[in-house]
Every structure is written in structure tokens, then in C-alpha cells.
Amino acid sequence: QFKNEKTFYPAREKQIDITFSGGGNISRYVYLAFAKSLAQKKGYTCEIHVHNYEFDSTLSYGEYSRLIRESRAVLNLSARPAPGVRVVTGRVQEAIASKSLLIEEKNEGVARIFTPYAHYIPFDSKEELAIAIDFSVNFGELVDKITEAAYTKYRREYSSKVAWSQILRLCNVSSQKV
């Protein structure tokens, strides 16, 4: 899955400490309530947008992409209601393409693509989530190193240019002809 770099790209200024935008389910509410409470307690800027998959309850695509671009850290909850099911969402690459720190619920699929702690911060408990959020706000130089490493890997291996080149090569079409 590749993202349009005209929509998801590094913003000059990261104005929001931690964000989440996505559907709600029972397993997510524990982490979302915790993240919001922690942010309020510590004075972090936090935007959480939970929708119920109805058109009028979601952010527009422009609002969503702005939210991701302007966030220091993006919380991604990959667990699904079925036990043990975790998916690799588009938000993984959207955050990384925007040079926002990905704080990802522990997920083997993401770990096969990006390296935990070198490219993103995984968590598997409220305690680990608290550490990840505090880290994203208080250790800017290290966060910059992680987001830069993730962004470099994304651009080298998963950018739209790389993906389209692979598609064209599979179709025996030279990218020079397009």
C-alpha cells in the first residue's frame, strides 16, 4: 500500500502532540480514554476523532491528512474485535510519510515492514502507551532520528514512485514511456 506524497508529507511545524482518527470498538476505547486522560493530566495537545463509519461522523480527507501531517505522534490501534486479529492499516505509512512518530499497538505485520523502536514505537499495555506518549513529547531529538529513519526507509522502499515502478515493471512497461 502506498500513499500519495502530495497528501501525506512532512509539515514544517508539528502543532499537535498526539492524535488518533479512526473507528471505535471496545478494545480501542480503553487506550483512547487513557491517552486522552494522560494528555490532559500532562498538558499535551491531543486530538482524538472516533467515528462510527457514518459519512457525517468522519473527518474529511483534507482534515484527516492535515491532522496526520501536523502531529508529532500518531496513535494507531490495529487490533480488531476478533481475538488475535491485528491489521496493517494505511495509517502506518501515512504517519511515516508525514514524519510523524508512529505509536503502534504491537503488531507483527508492521514489524515485518518497519523495525520496532528504530522506525516506530510499539506498545502492548497502558503503561507502555504512557511511556511512548511521554517519549514522543519529551525526547524531540530521538523522535526526529526515528521519524527520519522511518521516512528514509519509506521513501526508498514504499513510496508511490517505487510502487508504480514495480507495477510498470511487472507489466513490462518502461517508466520512460509513461
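Conventions used here
Positions within a chain are numbered from 1, following the residues in the order the chain's sequence is written. Whole-chain, interface and lining totals are the exception, using all residues; otherwise, since this is a predicted model, local features are given only for residues with pLDDT of at least 70 and side-chain atom pairs are given and counted only at 80 or more. For the side-chain quantities, the full set of heavy atoms in the structure was used; hydrogens and water were omitted. The way it works is a 1 Å grid over only the protein atoms, where trapped points that fit a 1.4 Å probe form a cavity and open points with protein on both sides within 12 Å along at least five of seven lines form a pocket, and then any residue with an atom within 4 Å of a point lines it. Grid points are joined across faces, edges and corners, and a volume is the space filled by probe spheres set on the points. Helical segments are the DSSP runs of H or I of at least four residues, strand segments are the runs of E of at least two, and each set is numbered from the N terminus. When residues are sorted by character, Ala, Val, Leu, Ile, Met, Phe, Trp, Tyr, Cys and Pro go into the nonpolar class, Asp, Glu, Lys and Arg into the charged class, and all the rest, Gly among them, into the polar class. A pair of strands is considered paired only if DSSP assigns at least 2 bridges between the two. Note on geometry: axes are C-alpha line fits, over the in-contact stretch for helices, and angles between N-to-C directions span 0 to 180 degrees. We call two residues in contact whenever any of their non-hydrogen atoms come within 4.5 Å of each other. By definition here, a salt bridge exists when the distance from a side-chain nitrogen of Lys or Arg to a carboxyl oxygen of Asp or Glu is within 4 Å. Only protein chains enter the accessibility calculation, which uses a 1.4 Å probe; a residue is then buried when its area is under 20% of its type maximum, exposed when over 50%, and partly exposed in between. Each Phe, Tyr or Trp ring, with Trp reduced to its six-membered ring, pairs with another whose centre is within 6.5 Å; inter-plane angles below 30 degrees give stacked pairs, above 60 give edge-to-face pairs, and intermediate values give tilted ones. Whether a charge lies above a ring is judged from NZ of Lys or CZ of Arg, which has to be within 6 Å of the ring centre and within 35 degrees of the ring normal. Residues enter a nonpolar core if they are buried and are Ala, Val, Leu, Ile, Met, Phe, Trp, Tyr or Cys, with the set joined through side-chain atoms within 4.5 Å. Exposure above 30% relative accessible area and the absence of a salt bridge qualify a residue for a patch, where like charges join within 9 Å and nonpolar side chains (Val, Leu, Ile, Met, Phe, Trp, Tyr) within 5 Å. Throughout, the Shrake-Rupley method with a 1.4 Å probe supplies accessible areas, and for residues the shown protein chains are the sole cover considered.

(A) Expanded view of the layout of surface pockets. Within this model, the second largest pocket holds a volume of roughly 170 Å³. The wall of the second largest pocket is formed by K14, R72, K99, S136, V137, G140, V143, D144, T147 and E148. Of all the secondary structure elements, the ones that give two or more residues to the lining of the second largest pocket are α5 (126-138) and α6 (140-157). Of all the elements, α6 adds the most residues to the lining of the second largest pocket, at five residues. Taken together, the residues that form the lining of the second largest pocket break down as two nonpolar, three polar and five charged.

(B) How the structure looks around the sheet that holds strand β1 (residues 16-23). Taken in spatial order, the five strands make up an open sheet running β2-β1-β3-β4-β5, and their pairing is parallel. Since the sheet does not close on itself, it has two edges, and those belong to β2 (46-51) and β5 (121-123), each with one partner. The average undirected angle you get between the axes of adjacent strands in this sheet is 20°. Docked against the sheet, helix α3 (residues 90-97) engages β1, β3 (71-76) and β4 (101-105), running at close to 170° with respect to β3.

(C) Examining the pattern of salt bridges more closely. On inspection of all chains with the given rule, the structure shows eight salt bridges. Among the ionic pairs, R86 bridges to E105, the shortest N-O distance being 3.8 Å. Note that R86 is positioned in the loop between β3 and α3 and E105 in strand β4, a separation of 19 residues in sequence. Take R86: its relative accessible area is 33%, and that puts it in the partly exposed class.

(D) Summary view of the packing of aromatic side chains. Taken as a whole and assessed by the stated rule, the structure comprises five aromatic pairs. Ring geometry for F8 versus Y61: centroids 6.0 Å apart, planes at 85°, classification edge-to-face. Here Y61 lies in helix α2 (residues 61-69) and F8 lies in the segment before β1, a separation of 53 residues in the sequence. F8 sits in the buried class, given a relative accessible area of 1%. Ring centres of F135 and F139 lie 5.7 Å apart, and the angle between their planes is 20°; on these two criteria the pair is classed as stacked. Exposure remark for F135: the relative accessible area of 18% places this residue in the buried category. Chaining the aromatic ring pairs together yields one cluster made of F8, Y61 and Y64. The residue whose ring lies beneath K99 is Y151, and the NZ or CZ to ring-centre distance is 4.7 Å.

(E) Structural detail: the nonpolar core. In terms of nonpolar packing, the biggest core is built from 22 residues, with L75, L77, L101, I103, F123, L129 and I133 touching the most fellow members. Secondary structure elements with two or more residues in this core: β1, α1 (26-42), β3, β4, β5, α5 and α6. Apart from the residues lying within four places of it in its own chain, the contact partners of L77 are F20, R28, Y31, L32, E105 and F123. Formed by 14 residues, the second largest nonpolar core is a distinct cluster that contains F8, V74, Y120 and A150.

(F) Region of interest: a nonpolar patch on the surface. Where nonpolar side chains cluster on the molecular surface, the patch consists of I26, Y29 and V50 and spans about 310 Å² of accessible area. Relative to the helices and strands, Y29 resides in helix α1.

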